[in-house]
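Survey of secondary and tertiary structure
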Amino acid sequence: MTRSEHDAARRAWPVRAALGVALLVLAAVAVLTGDLGARLLLGGLGLLAAARGAVLLRAGATPAGAPALLLGAAAVAAAAVSVVATGWALLAGVPLVLVVATAVVVARGGTARRAGAALAVWTVLVGGLLAGTAAVQGTGRAADVATVVAALATGLAAVPLLVGAAALRSVAVRPVLARPAGCGGCACGAGGCGA
């Protein structure tokens, strides 16, 4: 392991761990506190999406960054406006996010295609559940169901972040092997260095 890999892991693991914990807290608050929780969930996810979009735009990834920034800002605005706006945003946003996530995973191909097929099944099931609930019990109840689905997805999204943070932390705590004096990191292992 090189010094730069060690430093990158040391800087990255706390950020991933904090993001994973934040997602778990958002998910728990959304389920336990009703309308306020739904607004906090939508607003929190909107802030995270807007921040990610801003980072992508700064890195020059305009096709991915601009929509993330705009949708994140719209989510924050909906959460700030009212409970009704939050409900409609979640009711429309949950199926939309599932469809987009399915398309992204399927486009990766390879082993991700299987995960994309499973996600496609969940997308159809959740879409059917939301549409059926809206038709039978009204859009208010369907928005509640969308909030629970969004909270569950948020909690599940925290798992790979926390696992990744733990892996990065294990890399960060390992000592970096010091190079011998005069070593430039060339072909020592291949017997090509005369130092």
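In case you missed it, the structure is sitting above this.
From a predicted model like this one, the values you see are computed outputs, not experimental measurements. (Residues numbered from 1 in each chain as written. Predicted model: local features only at pLDDT ≥ 70, side-chain atom pairs only at ≥ 80, totals over all residues. Heavy atoms only, no water.)

A word on helix α3 (residues 62-81). Taking 1.5 Å of rise per residue, 20 residues should cover 28 Å, and α3 covers 28 Å from first to last C-alpha, within 8% of that figure. Regarding α3, the residues found buried are Gly 65, Gly 72, Ala 75, Ala 78 and Ala 79. The buried residues of α3 occupy one face: seen down the axis, they fall within an arc of 165 degrees. Facing away from the buried surface of α3 by more than 90 degrees, the exposed residues are Pro 63, Leu 70, Ala 80 and Val 81. Where α3 is buried, its residues touch α2 (34-58) and α4 (83-108). (Helix = DSSP H or I, 4+ residues; strand = E, 2+ residues; numbered from the N terminus. Expected span 1.5 Å × (residues − 1). Buried < 20%, exposed > 50% of the residue type's maximum accessible area, 1.4 Å probe, protein only. Arc of directions from axis to C-beta. Contact = heavy atoms within 4.5 Å.)

Looking at soluble globular proteins, one finds that nonpolar side chains tend to be buried together. By size, the foremost hydrophobic cluster in this structure holds 21 residues, and its most contacted members are Leu 41, Leu 42, Leu 90, Val 94, Val 126, Leu 130 and Ala 146. Elements with a contribution of two residues or more to this core: α1 (3-32), α2, α3, α4, α5 (112-137) and α6 (139-173). The leading source of residues in this core is α6, at six residues. Leave out the neighbours within four places in its chain, and Leu 90 touches Ala 38, Leu 42, Pro 95, Ala 146, Thr 147 and Ala 150. (Core = buried A, V, L, I, M, F, W, Y, C linked by side-chain atoms within 4.5 Å.)

Here Thr 154 is to be found in helix α6. Residue Thr 154 is classed as buried on the basis of its relative accessible area of 6%. Here Ala 150 takes part through its backbone oxygen, which lies 2.7 Å from a polar atom of the side chain of Thr 154. Residues contacting Thr 154, with those up to four places away along its chain left out, are Leu 23, Leu 26, Ala 27, Leu 41 and Leu 45. (Polar contact = N/O pair within 3.5 Å; in protein donor to acceptor, adjacent residues only side chain to side chain.)

Volume-wise, the largest pocket comes out at about 2100 Å³. Leu 45, Val 97, Leu 98, Ala 101 and Ala 153 are, among the 49 residues lining the largest pocket, the residues nearest its centre. When contributions to the lining of the largest pocket are tallied by element, the ones reaching two or more residues are α1, α2, α3, α4, α5 and α6. Residue contributions to the lining of the largest pocket peak at 12 residues, all from α4. As for the second largest pocket, its lining consists of 19 residues, and the residues nearest its centre are Asp 35, Gly 140, Ala 143, Asp 144 and Thr 147. Listing elements by their share of the lining of the second largest pocket, those giving two or more residues are α1, α2, α4 and α6. Considering every element that reaches the lining of the second largest pocket, the biggest residue donor is α4, with seven residues. Looking at the lining of the second largest pocket, its residues break down into 10 nonpolar, six polar and three charged. (1 Å grid on protein atoms, 1.4 Å probe; cavity = no way out; pocket = protein on both sides within 12 Å on 5 of 7 lines; lining within 4 Å. Points joined across faces, edges and corners; volume = space filled by probe spheres on them. Nonpolar A, V, L, I, M, F, W, Y, C, P; charged D, E, K, R; others polar.)

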